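Secondary and tertiary structure notes
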Amino acid sequence: MPVPGPGYSITVRVEAPASSTAAGDLTTAVGRVGGVLTAFDVVESHADTIVVDISANALSENHAQDITQALDSLPGVKVRKVSDRTFLIHLGGKIEVTPKVALRNRDDLSRAYTPGVARVCQAIAANPEDARRLTIKRNTVAVVTDGSAVLGLGNIGPAAALPVMEGKAALFKKFAGVDAWPVCLDTQDTEEIIKIVKAIAPVYAGINLEDIAAPRCFEIEARLREQLDIPVFHDDQHGTAIVVVAALRNALRVVGKEIEDCKIVVSGVGAAGSAIIRLLLRKNPGDIVAADIDGIVHPDRGNLDDNLTWIANHTNRDKQAGTLREALVDADVFIGVSAPNLFGAEQVATMNKDAVVFALANPDPEIDPLEAQQHAAVVATGRSDFPNQINNVLAFPGVFRGLLDAAAHDIDDNMLLAAADAIADVVDQSRLNASFIVPSVFDNAVAPAVAEAVKNAVRAEAKAG
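How each quantity is defined
Residues numbered from 1 in each chain as written. Predicted model: local features only at pLDDT ≥ 70, side-chain atom pairs only at ≥ 80, totals over all residues. Heavy atoms only, no water. Helix = DSSP H or I, 4+ residues; strand = E, 2+ residues; numbered from the N terminus. Buried < 20%, exposed > 50% of the residue type's maximum accessible area, 1.4 Å probe, protein only. Contact = heavy atoms within 4.5 Å. Polar contact = N/O pair within 3.5 Å; in protein donor to acceptor, adjacent residues only side chain to side chain. Arc of directions from axis to C-beta. UniProt positions renumbered as here; feature names shortened; annotations may be inferred. Axes fitted to C-alpha atoms, helices over the stretch in contact; angles between N-to-C directions. Left-handed = near helix turned anticlockwise from the far one by under 90°. Nonpolar A, V, L, I, M, F, W, Y, C, P; charged D, E, K, R; others polar. Pairing = 2+ DSSP bridges. Core = buried A, V, L, I, M, F, W, Y, C linked by side-chain atoms within 4.5 Å. Patch = residues over 30% accessible without salt bridge, like charges linked within 9 Å, V, L, I, M, F, W, Y side chains within 5 Å. Areas by Shrake-Rupley, 256 points an atom, 1.4 Å probe, with all protein chains shown as cover. Salt bridge = Lys/Arg side-chain N within 4 Å of Asp/Glu carboxyl O.

1. Quick look at the overall build of the protein chain
When its secondary structure is counted, the protein chain shows 18 helices and 14 strands. Projected onto its principal axes, the C-alpha positions of the protein chain cover 80 × 75 × 45 Å. For the protein chain, the residues scored as buried account for 48% of the 465 residues in total. Considering only contacts within the protein chain whose residues lie at least 6 apart along the sequence, 68% involve residues at least 24 apart.

Structure follows, in structure tokens:
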């Protein structure tokens, strides 16, 4: 199922004989071991030799080594250097701070800094809300993590989490013009995290919690929302939930079903799964049946924490027990945010006709999408090499753009649902089909549409009460 992609892209600098067959020999060697050639650049040419940079996509680090060895084994060819292109773009980090004002002379300095800045400080001291107008606060978000649940890598700690948080900050800027900064905390103590985030909050107009393990993430988010006067958004929960709800709305349009008539099975009841369930319940589905590593969640199962107890009491109308595979029988929708390779085509065949399968475990989904397509009408994954990628970047930049523009002090489900509807609406009826239920992450219409919807939802709530 996996195909070579840019995540394992390498550039190999080789010295080769200056023969008429050199280019063909080199490119054939890459293809013979399954590499995908993306560039071939001659960087030096001499009477008897050429030096070439060969860029290729691989499946893994080991596969990249296979490509290198295939080139090095050719007669007369010598590998000079191998560069991992992913590591190259991370050298020195991916973001920087750039002044917005010129500091050309003494006059500029006296206004931007001392003595002029003192008057601005006094104005904010007299009216703290002026910080939104006179400082970076109005457009700045903290991307906060403790490194305890990073991607699919697990508890790798704050330093190892930093490249992900840098990437998140870059996406904020790219897609919504939001200035975001990584805040990687060297503690995984709930009380300490809450205390630290409260202490740094004056700088920011919003807090984006990221890659904090469940169930601690639930308490951290809930208590920060209570104690801060700025929106607190856990992207692993709510960003995922927004895009899933948007995608499901369009998938059900494709198959001609109403959510009120659908049985939805959710695999994985951690941060993402729980948030998906809570937001879907606002749409009044026919039923939701949740399952985790211990099977279907129901009130009598035992060994339920607070989150699972809530799920058990608000889903599974018939109190079904058993395994995930049993839950899939007669289901209309499967949503997986759990683990790879949990079931196959034969289980999809037990679902209702025109089933919808969202297998979102990354990089390896709960079911091979090609198997799911044998029986499901619509299939989505978290991967970029299949149609219908469910990607949080469709949600969080626009959500925060809207919150910041509205000077919001909190965030609630109405705003999340507004964001989901905005994403779904970007795919109009003329473009909607089984392979296109969500827009591309590079669609420039998405973030502004989400921002406008969220801003309107904030203002409507302020007006109402």
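Past the structure itself, the notes keep going.
2. Quick look at the side chain of Asp53
Its place among the elements puts Asp53 in strand 3 (residues 49-58). Judged by its relative accessible area of 14%, Asp53 is buried. Of the polar contacts made by the side chain of Asp53, one reaches the side chain of Arg13; its length is 2.7 Å.

3. Thoughts on helix 8 (residues 190-200)
For helix 8, every residue scored as buried is listed here: Thr190, Ile193, Ile194 and Val197. Looking straight down helix 8, one finds that the buried residues subtend no more than 95° of arc, so they occupy a single side. When the buried face of helix 8 is taken as reference, the exposed residues oriented beyond 90 degrees from it are Lys195 and Ala199. In this structure, the buried residues of helix 8 make contact with strand 5 (140-145), strand 7 (206-209) and helix 9 (216-227). A distance of 3.1 Å separates the backbone nitrogen of Glu191 from a side-chain oxygen at the start of helix 8, and that oxygen is part of Asp189.

4. Things to note about the UniProt feature "domain: Malic enzyme NAD-binding" (unreviewed entry) in the protein chain
The sites that carry the UniProt feature "domain: Malic enzyme NAD-binding" (unreviewed entry) are, in the present numbering, residues 237-459. The distance from the first to the last C-alpha atom of residues 237-459 is 24 Å, and the span holds 40% helix and 11% strand.

5. What about the packing of helix 1 (residues 22-32) against helix 2 (residues 61-72)?
Between helix 1 and helix 2, whose axes approach to 9 Å, the crossing angle comes to 145°. Handedness of the helix 1/helix 2 crossing: right-handed. Listed contacts from helix 2 to Leu26, Ala29 and Val30 of helix 1 are Ile67, Ala70 and Leu71. Considered class by class, the residues forming the contact of helix 1 with helix 2 number six nonpolar, no polar and no charged.

6. Brief notes about the sheet that holds strand 6 (residues 179-184)
An order of 6-5-7-8 is seen for the four strands of this open sheet, with the pairing classed as parallel. Only two strands of the sheet have a single partner each, and these edge strands are strand 6 and strand 8 (232-234). Averaged over all adjacent pairs, the angle separating strand axes in this sheet is 25°, with direction ignored. Strand direction decides the pairing type here: strand 5 and strand 6, joined by six bridges, are parallel. Among the inter-strand pairings, Val143 is bridged to a residue of strand 6, identified as Pro182.

7. Comments concerning the pairing of strand 5
Counted residue by residue, strand 5 has six buried out of six residues, so it is predominantly covered. Summarising the sheet, strand 5 and strand 7 pair through four bridges and their orientation is parallel. Within strand 7, the position partnered with Val141 by the bridge is Gly206.

8. Here we look at the nonpolar core
Within the largest apolar cluster, 79 residues are counted, with the highest numbers of intra-cluster contacts made by Ile242, Leu248, Ile264, Ile335 and Phe358. Looking at which element gives the most residues to this core, the answer is helix 10 (residues 235-255), with eleven residues. Beyond its immediate chain neighbours, meaning those up to four positions away, Phe358 contacts Val244, Ala247, Leu248, Ala251, Phe334, Ile335, Gly336, Ala380 and Ile437.

9. Some thoughts on a nonpolar patch on the surface
A cluster of nonpolar side chains, contributed by Val101, Leu103, Leu109 and Tyr113, occupies part of the molecular surface with about 430 Å² of accessible area. Residue position: Val101 is located in the loop between helix 3 (85-90) and helix 4 (106-112). Exposure remark for Val101: the relative accessible area of 52% places this residue in the exposed category.

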